[in-house]
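Report on the structure
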Amino acid sequence: MSTMTIGVIMLFGVLLLLLVLRIPIAFSLGVSAVVTAIYLDIPLANLFMKMITSMQSFVIIAAPFFVIMAQIMCDGGVTKKLMRFCDLIVGRVRGGTALVNIVVSMLFGGISGSSTADVSSIGAMLIPAMLDEGYDPDYSVAVTVTSSLEGVMIPPSQNMLFYAVAAGSGLSISTLLICGYLPGVLLTLGLCIPAVIIAKKRNYPISTFDSRGQKLRIIFEALAGLMAIVIIVVGTTCGICSATESAAIAAVYALIVSTCLYRSLTFKQFVNSFFSALPIMAMSLAIIACSNAFSYVMSYLKVPTMIINSVLSISSNPNVVIALMLVLMIFLGCFMDMGVLIFVTTPILYPLAMNIGMNPYHFGVMLVFGFALGLCTPPVGTSLFLGCKIGKIAVEDSIKAFIPFYAIMLVLLLLFAYVPDLSLCLPRWLGLAV
């Protein structure tokens, strides 16, 4: 075997070995890159320089601000405000609490941008509430976990930001975030279909929340929390500020709303929120740095070129290539964390997508949603295991209830992949270049 072939085997072999040994993913990426670089006589200074330069990007600073904003809003009680607001809209139908779960995930996703944050906050309140109202545990968990994927698509999606950084081609963060809006709304509407059908079939109850005399207050408090999304979207779209600046402003706004309007966040709670967000921020930045070193070694080994040539040798038809990429995304999503997959595979799949003429923003939406499905599929699905833990049900006992929701999400994934206008029509309507 040639030196380059051995290098490829070593790079991915060491990574898989470390993952099997449950070494943190950032260390796994970094160590596998260093070991392979030593074998290939690549100066380690080049790797460390790549890691340092990746952390100097002004765009990346937006990620910690998104995290702290979401943490403050969660601890500040925005989840309860959104739940009451959604109950006013969809709570008065059969299985209304399940619809509240789905719709509030869409709204909360626009604040947290994280599937696991959605499940841990909304699920912690709504899954027990649904069980108390007579909903089956498997249905309650399935609704909560699948609807949490809405936060992956709707701004401010951290994973969209990761894709823009990994693509490294000067993509507009604001445009990319806007591209996720319509797919996120379609996902919300799509998940409502099986939720309503199953609720009527099983004769689930109608929500009993009493909002008389509180409607205006409920609406005002919910809209006040949702203004954080408006700050980010309007600020970046209208060119008022960059994505990083809008994220910082939104974080400050979240603090003001939680302390002055909701009056539910004390100084001690704020400090706790900050320290709770630190591990997430540190992990995200460490993964970004180490994945850049890993990508540098992959580029040196010409892995992207080999993948492109291998796929095109099977078929040069764009529709077939897209189908192959979707299968790969769904498969890999079952075994690795979504954020890591975006950083590792984007340098490989992005050139392939551009080779067949895909729009980079359209491809970003397809990539993010394709990997998002892995969050609710075993054996690694983090949101799935978290939801089952809250619902006190075994994963294997919940899978059957997921099947109708999986079917809807697979149909939507195909639509997002083969109908670019679903992702691109909104930014084009807003006059953004895509």
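Quick notes on the rules
- Each residue is numbered by its place in its chain's sequence as written, counting from 1.
- In view of the model being predicted, local features appear only for residues whose pLDDT reaches at least 70, and side-chain atom pairs are presented and counted only at 80 or more, with totals across whole chains, interfaces and linings using the full set of residues.
- Here the side-chain values reflect all heavy atoms present in the structure, with hydrogen atoms and water set aside.
- Numbering of helices and strands runs from the N terminus, with a helix taken as a DSSP run of H or I at least four residues long and a strand as a DSSP run of E at least two residues long.
- As defined in this context, the radius of gyration uses C-alpha atoms, and a globule is described by 2.2 Å times the residue total to the power 0.38.
- Summary of the burial criterion: residues with accessible area below 20% of their type's maximum are buried, those above 50% are exposed, and those between are partly exposed, where the area comes from a 1.4 Å probe applied to protein chains only.
- This count recognises Lys and Arg as positive and Asp and Glu as negative, with His and chain-terminal groups excluded.
- A charge is said to be at NZ when it belongs to Lys, at CZ for Arg, at CG for Asp and at CD for Glu.
- Helix span is expected to be 1.5 Å times the residue number reduced by one.
- In protein, a polar contact means a hydrogen-donor-capable atom and an acceptor-capable atom, both N or O and within 3.5 Å, with residues adjacent in sequence counting only if both atoms are side-chain atoms; elsewhere, any N or O pair within 3.5 Å suffices.
- Fitting one axis to the seven residues ending at a residue and another to the seven starting there, the bend at that residue is the angle between the two axes.
- Values of pLDDT, which run from 0 to 100, indicate the predictor's confidence residue by residue.
- The salt bridge definition used is simple: a Lys or Arg side-chain nitrogen within 4 Å of an Asp or Glu carboxyl oxygen.
- Classification of ring pairs uses Phe, Tyr and Trp, with its six-membered ring standing for Trp, and accepts pairs whose centres are within 6.5 Å; under 30 degrees between planes counts as stacked, over 60 as edge-to-face, and the remaining range as tilted.
- Helix axes use the C-alpha atoms of the stretch in contact, all axes being lines fitted to C-alpha atoms, and the angles between their N-to-C directions lie in the range 0 to 180 degrees.
- Just so you know how the angles are binned, under 35 degrees is roughly parallel, over 145 roughly antiparallel, 65 to 115 roughly perpendicular, and the rest oblique.
- Rotating anticlockwise by less than a right angle from the far helix to the near helix defines a left-handed crossing, while the corresponding clockwise rotation defines a right-handed one.
- Contacts: residue pairs with any heavy atoms within 4.5 Å of one another.
- For this classification, the nonpolar set comprises Ala, Val, Leu, Ile, Met, Phe, Trp, Tyr, Cys and Pro, the charged set comprises Asp, Glu, Lys and Arg, and every other residue, Gly included, is treated as polar.

This brings us to the overall build of the protein chain. Within the protein chain, the secondary structure is distributed over 22 helices and zero strands. Since a compact globule built from 434 residues should have a radius of gyration of about 22 Å, the 22 Å found for the protein chain is in line with a globular shape. The buried share of the protein chain, reckoned over its 434 residues, is 55%. Here the protein chain holds 20 positive side-chain charges and 16 negative ones, and the gap between their average locations is 5 Å.

Okay, helix α19 (residues 360–372) next. Compared with an ideal rise of 1.5 Å per residue, which puts 13 residues at 18 Å, α19 spans 18 Å between its outermost C-alpha atoms and is within 8% of the ideal. The buried count for α19 comes to 13 of 13 residues, which makes it a mostly enclosed element. The opening residue of α19 is N359, an N-cap whose side-chain oxygen sits 2.8 Å from the backbone nitrogen of Y361.

With that settled, consider helix α18 (residues 338–355). Three or four residues apart is the spacing at which side chains of an α-helix point the same way, because the helix has 3.6 residues per turn. With 18 residues, α18 ought to run about 26 Å at 1.5 Å a step, and its terminal C-alpha atoms sit 24 Å apart, in line with that. Maximum bend of α18: about 55°, positioned at T346, with proline P347 one to four residues after it. The element α18 is extensively covered by neighbouring structure, given that 15 of its 18 residues are classed as buried. At the C-terminal side of α18, G357 shows a positive phi close to 85°.

With 92% of its residues at a pLDDT of 70 or more, the protein chain has an overall mean of 81. The secondary-structure element of the protein chain with the lowest mean pLDDT is helix α5 (residues 78–90), recorded at 72, while α19 shows the highest, at 92.

Scanning the model with the defined rule gives three salt bridges in all. In this structure, the salt-bridge partner of D138 is R202, at a minimum N-O distance of 3.8 Å. Of this pair, D138 sits in helix α8 (residues 137–147) while R202 is found in the loop between α12 (181–201) and α13 (215–237), placing the two residues 64 residues apart along the sequence. Salt-bridge contacts for R428 lead to D421; the nearest nitrogen and oxygen are separated by 3.1 Å. Looking at R428, the relative accessible area reads 44%, which means it is partly exposed. For D421, a relative accessible area of 46% gives the class partly exposed. Three or more residues are tied together by salt bridges with common partners; here these are D136, D138 and R202.

What follows is about the packing of aromatic side chains. The relative placement of two aromatic rings is captured by the distance of their centres and the angle of their planes. Using the criterion set out here, one finds ten aromatic pairs in the structure. Ring centres of Y139 and Y204 lie 4.9 Å apart, and the angle between their planes is 40°; this geometry places the pair in the tilted category. Note that Y139 is positioned in helix α8 and Y204 in the loop between α12 and α13, a separation of 65 residues in sequence. Here the two residues Y139 and Y204 agree in accessibility, since each one is buried. Put simply, the rings of Y135, Y139 and Y204 pair up and form one aromatic cluster.

Let us look at the packing of helix α3 (residues 44–55) against helix α15 (residues 267–300). It is at 8 Å that the axes of α3 and α15 come closest, and there the two elements cross at 135°. As the angle between them shows, α3 and α15 are arranged oblique. Crossing handedness for the pair α3 and α15: right-handed. Facing N46, L47, K50, M51, S54 and M55 of α3, the residues of α15 in contact are L285, I288, A289, C290, N292, A293, Y296 and V297. For the contact of α3 with α15, a count of residues per class yields ten nonpolar, three polar and one charged.

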